[in-house]
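Take a look at the letters that make up each chain.
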Amino acid sequence: MSSSEPLIAPVSPRATDQLAVRPLGLTDVELTRGFWADWQRLNRDVTIPHALAWLERDGSVDNLRDVAAGTPAAAHRGMWFSDSDVYKTLEGLAWDLGRAPSASLSSAADALIDVVRRAQGPDGYVNSYIQAGHGQRWDHMAWSHELYCFGHLIQAAVAHHRATGSADLLAVAVRAADCALREFGDSRRKDTDGHPVVEMALVELYRETGNPSYLDLAQQFIDVRGYRVLDPRGHFDSAYYQDETPVRQQTTVVGHAVRALYLLCGVVDVYLETGEQALLDSALRQWESMMATKMYLNGAVGSRFEGESFGDEYELPQDLVYGETCATIASIMFSWRLLLATGESRFADAIERALFNLVAASTSVERNAFFYNNPAHRRVARPAASPNVRPQRAEAPGTRPPWFQCACCPPNIIRTIASLGGYLATYADNGVQIHQYAPATVATGNGIRLVMETEYPVEGTVDVTVAETDGTAWTLSLRVPSWCRGATVSVNGTATPAVTGERGYLGITRQWHAGDRVTLVMPMPVRITVPHPAVDAVRGAVAIERGPIVYCLESPDQPEGVDLNRVELLLDEPLVEQRRELLGSTVPVVQVEALARDDSAWAGSGWATLGEEPVTVGRRVRLTAIPYHLWANRGPSVMRIFVPARRGQ
Ligand SMILES: [Zn+2]
């Protein structure tokens, strides 16, 4: 088995035998400008300070401080797993430090690490809720989130070690992991945590330390699941916990969406280190089922509020979607691992859809307010969120709240945006693969350096210039997104027919020279997307997309008096693209002809129409669709992605 050195990235496999392509670190890939670089800057300047302030305000840091001081307050504040919010924010801080140094971020991280270190017990156990006297440790694994918190601690520690070289937090995480090993290791116990994440964290700790006990424990936690080892509680049944069916037999994603997808990240991580094919096969089956039948157009997953869970196949209600931000982020983490294992573009396609739509929509354009669950159809403008109130998670107000009582999503956004460079490109013995398009520099460490320039996703042209190369022949692979038809590629201005379409990438193999420039042109017309006929919720409706961007109709952009719940797109009319200044940037918007229905003939009929449908009457109007990710930034609104449509009008 061959192995590689850890790099500054969230997934740094030790074994290379299972890798179709190898990841690059945050210092290898730099986002230089554009949508994602701007967000990374705001993530550092706005979101991280915002999160640190809220973690102080909501008691999450104080919970740990009280334990550190030896005076744990019985009145533990917030959720019983609030430690995880501190750890996940720390992880985001660490990746951001790995991306670019910052004295203020560094001292903020050190201060938090000091609190965690002092809160940790002499045997490595740390959990501010249990240590404050709420229950016995390891006593209620279905619900306690103790290993969940350990998992996020470990992820933060690995990130901090990779990014800064400091072992301060890694030492804390190793003591915690060893504490878990003494309790659970070598099959001493047959149960596991109700909320997965420790599995992928332990694999990463193995990668970072080389201690195979952590990999073994990750595998054990995966193996024991599915045999009803967790106590069901109310409507949280075994399927909710992914504890109804052993993972190797599972055919589709079930239960709590974040839990299911975090578990699957651990499953692929164990495969990447051990090569057990049954684990990869299960992960691929479940991914394919999710993508075909359980994911929304905007990248949302988990259709049910009940249990924050996946629904049945094609159960994709638009006005009732849950779509937790964390679930889509977990889907990105899952897809990325499968991309490393297979090198196939469909996983990068899924990451692109999730990033540009749901993840981008989860956060306000100022990047200091967030959706926990993400509506796809808002029938009535709800009251705006208060800047000082942390709502319950299961409500999306009219605008994004600043924080949540269960604050899992904002720190997840922070760590994702801080580490985004790691998802852009990979390399293999035969060359470099570009998966996502953004202005960036990419260095592979073996003498190849590329400069990518593009206005993507506003424009579909991408220039990749070879800045440095080692003189050998190699292949530059450029992803052709699944939405794209008619992509062309040229080298130094000459069209290049000699390309392969392997795994969904255009590959150009040649002896490269510094200064060579490859231009990929992806036609990006506005297009109509038709849903699968089994999705009853949107049968007869269509959506508008352009490139990777999903569009929506939002009330502020529509003519006076138009009710977006009573419109039908007229598909025989052309879709007209325009550029418009919107919320601080120039974006393509789409004008569409529609019928604004007058449904007054239905008034009072209730259900008693006797099968006689009143003639549809109404007026023609011109509606304007905007990128979905920009909605709810101009106050409370009515919004929808899928819209009923008709032809021959
Ligand atoms: Zn969340």
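Here the structure is shown first, and the text comes after it.
Small disclaimer: the values here were computed from a predicted structure and weren't measured.

Mind laying out the packing of aromatic side chains, listing which residues take part and the relevant values?
As enumerated under the stated definition, the model contains 28 aromatic pairs in all. With 5.1 Å between their ring centres and 55° between their planes, Trp36 and Phe356 make a pair best called tilted. Taken together, the positions of Trp36 in helix H1 (residues 34-57) and Phe356 in helix H13 (residues 345-361) put the pair 320 residues apart, joining distant regions of the chain. Here the two residues Trp36 and Phe356 agree in accessibility, since each one is buried. Considering the side-chain rings of Trp143 and Tyr241, the 6.4 Å spacing of their centres and the 85° angle between planes classify their relative orientation as edge-to-face. Residue Trp143 is located in the loop between helix H5 (128-131) and helix H6 (146-164), and its partner Tyr241 is located in the loop between helix H9 (212-224) and helix H10 (257-274); the two are separated by 98 residues in the primary sequence. Under the relative-accessibility criterion, Trp143 is labelled buried at 13%. Classification of Tyr241 by relative accessible area gives buried; the value is 0%. An aromatic cluster is built from Trp80, Phe81, Trp143, Tyr148, Phe236, Tyr240 and Tyr241, whose rings are joined through pairwise contacts. Geometry around Trp54 places Arg57 over its ring, the cationic atom sitting 4.0 Å from the centre. Lying across the ring of Trp39, Arg367 places its NZ or CZ 3.7 Å from the centre.

Break down empty space enclosed by the protein for me, citing the residues and quoting the values.
As enumerated under the stated definition, the model contains six cavities of 30 Å³ or more in all. Of the voids in this model, the largest cavity is the one considered here, and its volume is about 180 Å³. Around the largest cavity sit 18 residues that line it, and Pro10, Glu91, Gln155, Met333 and Arg415 are the ones nearest its centre. At the level of elements, helix H3 (83-99), H6, helix H8 (198-209), helix H12 (325-342) and helix H14 (409-418) are the ones that each hand at least two residues to the lining of the largest cavity. Computed from the structure, the second largest cavity encloses a volume of approximately 100 Å³. Forming the boundary of the second largest cavity are Arg225, Gln242, Thr245, Val247, Gln250, Thr252, Val253, Val254, Ala260, Leu263, Leu264 and Gln286. With three residues, H10 is the single largest residue contributor to the lining of the second largest cavity. Looking at side-chain class alone, the lining of the second largest cavity contains six nonpolar, five polar and one charged residues.

So what's going on with the sheet that holds strand S12 (residues 505-511)? Which residues, and what values?
Here we have five strands laid out as an open sheet, ordered S1-S4-S5-S9-S12, and mixed in their pairing. Of all strands in the sheet, those with a lone pairing partner are strand S1 (22-23) and S12, marking the two edges. Here strand S5 (residues 431-434) pairs with strand S9 (residues 473-479) via four bridges, running parallel. Within S9, the position partnered with Gly431 by the bridge is Thr475. The strands that H13 touches are S9 and S12; relative to S9, the one it contacts most, it runs at about 45°.

Before we move on, can you summarise the nonpolar core with the specific residues and values?
Residues Phe334, Ile434, Leu450, Leu476 and Leu623 are the most contacted members of the largest nonpolar core, which totals 187 residues. Residue contributions to this core peak at 13 residues, all from H10. Those residues in contact with Leu623 that lie beyond four places of it in its chain are Leu553, Gln558, Pro559, Val562, Leu564, Val567, Leu569, Val590, Gln591, Val592 and Ala594. Counting 27 residues, the second-largest nonpolar core is a separate cluster that includes Tyr296, Leu358, Ala541 and Leu582.

Describe the packing of H1 against H3, listing the residues and the values that go with them.
Contact geometry for H1 and H3: axes closest at 11 Å, N-to-C directions at 150°. Judged on the interaxial angle alone, H3 and H1 are roughly antiparallel. Judged by the twist between their axes, the crossing of H1 over H3 is left-handed. Contacts from Gln40, Arg44, Ile48, Ala51, Leu52 and Leu55 in H1 reach Asp85, Val86, Thr89, Leu93, Asp96, Leu97 and Arg99 in H3. For the contact of H1 with H3, the class distribution of residues is seven nonpolar, two polar and four charged.

Give me the lowdown on helix H11 (residues 277-293), citing residues and values where you can.
Taking 1.5 Å of rise per residue, 17 residues should cover 24 Å, and H11 covers 24 Å from first to last C-alpha, within 8% of that figure. Where H11 is concerned, the buried positions are Leu279, Leu280, Ser282, Ala283, Leu284, Gln286, Trp287, Ser289, Met290 and Thr293. The inward-facing, buried residues of H11 abut H9, H10, H12 and H13.

With reference to specific residues and values, describe the pairing of strand S7 (residues 449-454).
Of the two faces of S7, only the one carrying Leu450, Met452 and Thr454 is buried; Arg449, Val451 and Glu453 on the other face are not. One ladder, built from four bridges, connects strand S6 (residues 440-443) with S7; its direction is antiparallel. If you follow Thr441 over to S7, its bridge partner there is Val451. Here S6 folds back onto S7 in antiparallel fashion, the turn holding five residues, of which Gly445 has a positive phi close to 85°. Summarising the sheet, S7 and strand S8 (residues 461-468) pair through six bridges and their orientation is antiparallel.

I'd love a proper account of the pairing of strand S4 (residues 425-428), names of residues and values included.
In S4, alternate side chains face the same way, and those of Ala425 and Tyr427 on one face and Thr426 and Ala428 on the other are all buried. Both S1 and S4 contribute to a ladder of two bridges, which runs antiparallel. Within the sheet, the bridge partner assigned to Pro23 lies in S4 and is Thr426. Bridging between S4 and S5 involves four bridges; their strand directions are antiparallel.

Lay out the sheet that holds strand S2 (residues 29-31) in plain terms, naming residues and giving numbers.
With respect to topology, seven strands assemble into an open sheet ordered S2-S6-S7-S8-S13-S10-S11, the strand pairing being antiparallel. Each edge of the open sheet carries a strand with a single partner, namely S2 and strand S11 (494-495). Direction of pairing for S2 relative to S6: antiparallel, over a ladder of three bridges. Among the inter-strand pairings, Glu30 is bridged to a residue of S6, identified as Thr441.

Provide a residue-level description of the pattern of salt bridges, including the pertinent values.
If the charged atoms of two oppositely charged side chains come close together, the side chains can form a pair. Inspection of every chain in the model, using the stated rule, returns 51 salt bridges. Here Asp62 ties to Arg77 by a salt bridge, and the two come within 4.0 Å at their closest N and O atoms. Taken together, the residues Asp62 in helix H2 (residues 60-68) and Arg77 in the loop between H2 and H3 connect sequence positions 15 residues apart. The class of Asp62 is partly exposed, set by a relative accessible area of 26%. Judged by relative accessible area, Arg77 falls into the partly exposed class, the value being 37%. A salt bridge links Arg118 to Asp114; its shortest N-O distance comes to 3.1 Å. Of this pair, Arg118 and Asp114 both sit in helix H4 (residues 103-119), four residues apart, which is roughly one turn of that helix. Residue classification places Arg118 among the partly exposed residues on the basis of a relative accessible area of 40%. Among the residues examined, Asp114 registers a relative accessible area of 27% and is labelled partly exposed. Salt bridges sharing partners connect three or more residues here, namely Arg162, Glu204, Arg207, Glu208, Asp269, Glu273 and Arg337.

What counts, and where the lines are drawn
- Residues numbered from 1 in each chain as written.
- Predicted model: local features only at pLDDT ≥ 70, side-chain atom pairs only at ≥ 80, totals over all residues.
- Heavy atoms only, no water.
- Phe/Tyr/Trp six-rings, centres within 6.5 Å; stacked < 30°, edge-to-face > 60°.
- Helix = DSSP H or I, 4+ residues; strand = E, 2+ residues; numbered from the N terminus.
- Buried < 20%, exposed > 50% of the residue type's maximum accessible area, 1.4 Å probe, protein only.
- Lys NZ or Arg CZ within 6 Å of the ring centre and 35° of its normal.
- 1 Å grid on protein atoms, 1.4 Å probe; cavity = no way out; pocket = protein on both sides within 12 Å on 5 of 7 lines; lining within 4 Å.
- Points joined across faces, edges and corners; volume = space filled by probe spheres on them.
- Nonpolar A, V, L, I, M, F, W, Y, C, P; charged D, E, K, R; others polar.
- Pairing = 2+ DSSP bridges.
- Contact = heavy atoms within 4.5 Å.
- Axes fitted to C-alpha atoms, helices over the stretch in contact; angles between N-to-C directions.
- Core = buried A, V, L, I, M, F, W, Y, C linked by side-chain atoms within 4.5 Å.
- Parallel < 35°, antiparallel > 145°, perpendicular 65-115°, else oblique.
- Left-handed = near helix turned anticlockwise from the far one by under 90°.
- Expected span 1.5 Å × (residues − 1).
- Salt bridge = Lys/Arg side-chain N within 4 Å of Asp/Glu carboxyl O.

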